[in-house]
Amino acid sequence: MMNRTAFIKFGGTNSFLLHSLSSFQFATHTASLHSNVSSLIHKITNLNDALKLFDEMSHRQPLPSVVKFNQLLTVVNKMKHFSSSLDLFKQMCSLGVPLDKYSISIAIKCCCQLHRTKDGFALLGCCFRRAISPNVYIYNALLDGLVLEGRTLEAEMLFKKLIKKKLCEPDVVMYSTMIKGLCKFGNNVTAIALLRLMEQKHCEPSNVTYNTIIDSLCKDKMIDDAFKLFKEMVYDKRILPDVITYTSLICGLCNMGRWDEASKMLNKGVPTLSQGWAGAPHEKIFFSVIFCKKF
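The structure contained in this document is the topic of the report that follows.

Our next topic: helix H4 (residues 82-95). Here H4 is 14 residues long and its end C-alpha atoms lie 20 Å apart, about the 20 Å a rise of 1.5 Å per residue gives. Every buried residue of H4 is listed here: Phe82, Ser84, Ser85, Leu86, Leu88, Phe89 and Met92. Packing partners of the buried residues in H4 comprise helix H2 (47-58), helix H3 (66-78), helix H5 (101-113) and helix H6 (117-129). Phi turns positive, to about 85°, at glycine 96, one or two residues after H4.

Set out below in C-alpha cells:
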C-alpha cells in the first residue's frame, strides 16, 4: 500500500514536472522565434525579402506579435512600396492579428500616399469602432494626404478642429505639413502666421519648416522677405540651413536677375553655424543655377 501511494505521489510529481518543463520549453521557443523575426526584419533589403518573411510569419503558430508585423510594414513603407504594405495590412486583418493604433496609422499613411485619403478616413472610423484613440501620427498622415491631393481647405478645417477640440497636440510635423499646404497655393502670409503660432505654442520649427516658406517666397519673387526669414532661421533660431535652403535662395536671386549676389553666395560655399562659410557648393545648386540661366 505504501509502495502504491509512493508510486502515485511520484507519478503526480513527475506529471507536474513534465507539464512545467513543457510550458518552459514552449515559452523559450516562442521567445526564440520572436527574436529570430526581429533579426530577419533588420536584414531586409528589398520587397521580395519582406514578402517572403511575411509569408513565413503568417504560417507560424502562434503568430508573431502585432509589434513584429508593424515593424515589417514599417520597413516596406520606408522602401515606399505603399501598395504592397497595404496588401500586407489586409492580410494581417484576415489572419486575425490584433491591430493597434500603429498598425492603423501605417495603413492610413499608405492610403494617403497613394492619393486614397478617402480610404484613410474610413480607417480612422475603424479606430473609433475599435475604441482605439487616434494619435498625432494618424492625423499627420491624413493632413498630408489632403495636402498631396490639393485639398488644402479641408486640411485647414481638420487642423483647426484638432486644435479646437483638443483631439491631439500638433507637433512640428503637423505644423510643417499645414505650412506646405498653404505655400503650395502661394498663401505665404498665412504660412508665416502659422510659423508664429508655433512659437507661441512652444513648438520648435525645423529646417524643413523654414525651407518650405523660404522656397515659396523665392518662387513668388519675394526674395527680400525670404532672406529675412533665412537670417531669422540661422541667427535667431540657430537652425543650420542645408542644400535645399541655398538652392531656393540662389535660384530666387537668379530669377530676379541678381546674378552678382547669386554668384557671391554660390562661391562662398555652404556655411556652418560654428565655423562660418566652409566647403564647396553642392552639385544640386550648380544645376539649379544652370537651369535658371537657361530658362
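For any two helices packed against each other, the geometry is given by the interaxial angle and the distance between the axes. The interhelical angle for the contact between H5 and H6, taken along N-to-C directions, is 165°, at an axis separation of 7 Å. If you check the angle between H5 and H6, you find them roughly antiparallel. The two elements H5 and H6 meet at a crossing, and its hand is left-handed. Residues Ile104, Ala107, Ile108, Cys111 and Cys112 of H5 lie in contact with H6, whose contacting residues are Thr117, Asp119, Gly120, Leu123, Leu124, Cys126 and Cys127. Class assignment for the residues of the contact of H5 with H6 results in nine nonpolar, two polar and one charged.

To continue, consider the packing of aromatic side chains. Geometrically, a pair of aromatic rings is defined through the distance of the ring centres and the angle of the planes. Counted by the stated rule, this structure contains four aromatic pairs. Between phenylalanine 54 and phenylalanine 69, the ring centres sit 5.5 Å apart and the planes meet at 70°, which makes this aromatic pair edge-to-face. With phenylalanine 54 in helix H2 and phenylalanine 69 in helix H3, this residue pair connects regions lying 15 residues apart in the sequence. Across the pair, phenylalanine 69 and phenylalanine 54 agree in class, each one buried. The structure contains a cluster of three or more aromatic residues connected by ring pairs, namely Phe227, Phe230 and Tyr246.

Turning our attention to the pattern of salt bridges. For the structure on display, the rule yields 12 salt bridges. The salt bridge partner of lysine 160 is glutamate 156, with a shortest N-O separation of 3.6 Å. Remark: glutamate 156 and lysine 160 occur in helix H8 (residues 152-164); sequence separation between them is four residues, near one turn of the helix. Looking at lysine 160, the relative accessible area reads 51%, which means it is exposed. Glutamate 199 is the partner of arginine 196 in a salt bridge, and the nearest nitrogen-oxygen pair spans 2.9 Å. Here arginine 196 pairs with glutamate 199, and both are found in helix H10 (residues 188-200), just three residues apart, close to one helical turn. The class for glutamate 199 is partly exposed, based on a relative accessible area of 28%.

Calculation rules
- Residues numbered from 1 in each chain as written.
- Predicted model: local features only at pLDDT ≥ 70, side-chain atom pairs only at ≥ 80, totals over all residues.
- Heavy atoms only, no water.
- Helix = DSSP H or I, 4+ residues; strand = E, 2+ residues; numbered from the N terminus.
- Expected span 1.5 Å × (residues − 1).
- Buried < 20%, exposed > 50% of the residue type's maximum accessible area, 1.4 Å probe, protein only.
- Contact = heavy atoms within 4.5 Å.
- Axes fitted to C-alpha atoms, helices over the stretch in contact; angles between N-to-C directions.
- Parallel < 35°, antiparallel > 145°, perpendicular 65-115°, else oblique.
- Left-handed = near helix turned anticlockwise from the far one by under 90°.
- Nonpolar A, V, L, I, M, F, W, Y, C, P; charged D, E, K, R; others polar.
- Phe/Tyr/Trp six-rings, centres within 6.5 Å; stacked < 30°, edge-to-face > 60°.
- Salt bridge = Lys/Arg side-chain N within 4 Å of Asp/Glu carboxyl O.

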